[in-house]
Amino acid sequence: MALTHDYTVSVEWTGNRGTGTSGYRDYARDHVVRIEGLPDILGSADPTFRGDASRHNPEQLLLTSLAQCHMLSYLHQAVTVGVVVIDYHDAATATMETQGTGGRFTRAVLHPVVTVADASMIEAATSAHHQAHLDCFIASSVNFPVDVEPTVIVGGLKP
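The numbering scheme is per chain: residues are counted from 1 as the chain's sequence reads. Residues qualify for local features only when their pLDDT is at least 70, as the model is predicted, and side-chain atom pairs are given and counted only at 80 or more; totals for whole chains, interfaces and linings, by contrast, use all residues. For side-chain calculations, the full set of non-hydrogen atoms in the structure is used, while hydrogens and water are omitted.

## As for the overall build of the chain
Right, on to step 1. Looking only at helices and strands, the chain has 2 helices and 9 strands in total.
Right, on to step 2. Secondary structure is summarised from DSSP: a helix means a run of H or I of at least four residues, a strand means a run of E of at least two, and numbering begins at the N terminus for each. The N-to-C order of helical and strand elements in the chain reads β-β-β-α-β-β-β-β-α-β-β.
Right, on to step 3. Dimensions of the chain, computed from the C-alpha atoms along their principal axes, are close to 65 × 40 × 35 Å.
Right, on to step 4. Using a 1.4 Å probe on the protein chains alone, a residue whose accessible area is under 20% of its type maximum counts as buried, one over 50% counts as exposed, and one in between counts as partly exposed. Scored against the burial criterion, the 159 residues of the chain give a buried share of 28%.
Right, on to step 5. Only heavy atoms enter the contact rule, under which two residues are in contact if any of them lie within 4.5 Å. In the chain, once contacts between residues fewer than 6 apart in sequence are set aside, the share between residues at least 24 apart is 54%.
Right, on to step 6. Reported accessibility uses the Shrake-Rupley method at a 1.4 Å probe radius. Residues are deemed covered only where the shown protein chains occlude them. Looking at the chain as shown, the accessible area adds up to about 10,400 Å², and 55% of this sits on carbon and sulfur atoms.
Right, on to step 7. His is not counted, nor are the chain ends; Lys and Arg add positive charge and Asp and Glu add negative charge. Here the site of a charge means NZ on Lys, CZ on Arg, CG on Asp, or CD on Glu. The average position of the 9 basic charges and that of the 17 acidic charges among the side chains of the chain differ by 12 Å.

This is the structure we're talking about:
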């Protein structure tokens with residue numbers, strides 16, 4: 001039996017410079033994303049589309065969601081297969097193409113670098129990325145390829 005989970009966010013446009021959308025250059029793309037109980041996220045469009053570079057844009061947040069989801073799924077898989085992860089970071093990338101006034105993502109690539117406690121864990125740590133990718137809700141929901149190119153290194157546990 002499938003379980004459902006509902007999510008609610010509020011997005012408020014804050015870019016009215018006094019004349020609304022009277023012209024393409026007459027309004028800011030600024031907005032606030034609100035989720036009850038959490039800090040606000042200041043958003044805008046990508047600077048290419050007349051947005052504010054000091055604010056998060058939807059394209060960045062989509063890639064962020066993919067990277068976060070994979071990491072959380074991976075950490076769960078690591079526990080499941082007995083891998084002790086002591087550090088994890090990712091420098092994810094994505095490509096979007098535009099055509100006319102629309103566009104779409106064509107690919108995202110996650111580049112997780114995972115540090116494990118012992119060299120005997122490298123193979124299992126590398127393999128766990130596959131199941132983590134299958135388990136990631138966000139990657140399973142998008143209609144473009146999300147590739148994972150992991151690196152696993154060995155480090156010692158800190159005393």
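## Brief notes about the side chain of aspartate 30
Right, on to step 1. With respect to the helices, strands and loops of the structure, aspartate 30 is situated in the loop between strand E1 (10-13) and strand E2 (31-34).
Right, on to step 2. For aspartate 30, a relative accessible area of 16% gives the class buried.

## A look at the pairing of strand E5 (residues 93-99)
Right, on to step 1. One ladder, built from 7 bridges, connects E5 with strand E6 (residues 102-110); its direction is antiparallel. From the neighbouring strand, threonine 93 faces E6, where its bridge partner is valine 109.
Right, on to step 2. DSSP calls a pair of strands paired once it identifies at least 2 bridges connecting them. Linking two consecutive strands that pair antiparallel, namely E5 and E6, is a turn of 2 residues; a positive phi of about 65 degrees is found at glycine 100 within it.

## Here's the deal with the state of the cysteines
Right, on to step 1. The rule for a disulfide is simple: a pair of cysteine sulfur atoms within 2.5 Å. Applying the stated criterion across every chain, the model contains 1 disulfide.
Right, on to step 2. Between the sulfur atoms of cysteine 69 and its disulfide mate cysteine 136 the distance is 2.4 Å. Looking down the S-S bond of the cysteine 69 and cysteine 136 bridge, the torsion is 140 degrees, so its handedness is right-handed. Placement of the pair is cysteine 69 in helix H1 (residues 58-81) and cysteine 136 in the loop between helix H2 (122-135) and strand E8 (146-148), with a sequence separation of 67 residues.

## What to know about the packing of aromatic side chains
Right, on to step 1. Two rings from Phe, Tyr or Trp (for Trp, the six-membered ring) form a pair when their centres sit within 6.5 Å of each other. Planes less than 30 degrees apart are called stacked, planes more than 60 degrees apart edge-to-face, and all others tilted. Throughout the structure, instances matching the rule amount to 3 aromatic pairs.
Right, on to step 2. When the ring of tyrosine 74 is compared with that of tyrosine 88, the centres are 5.8 Å apart and the planes differ by 45 degrees; the resulting orientation is tilted. You can see tyrosine 74 sitting in helix H1 and its partner tyrosine 88 sitting in strand E4 (residues 85-90), a full 14 residues away along the chain. With respect to burial, tyrosine 74 and tyrosine 88 carry one shared label: buried.
Right, on to step 3. Taken together, a centroid distance of 5.4 Å and an interplanar angle of 25 degrees make the contact between phenylalanine 105 and phenylalanine 144 stacked. Of this pair, phenylalanine 105 sits in strand E6 while phenylalanine 144 is found in the loop between H2 and E8, placing the two residues 39 residues apart along the sequence.

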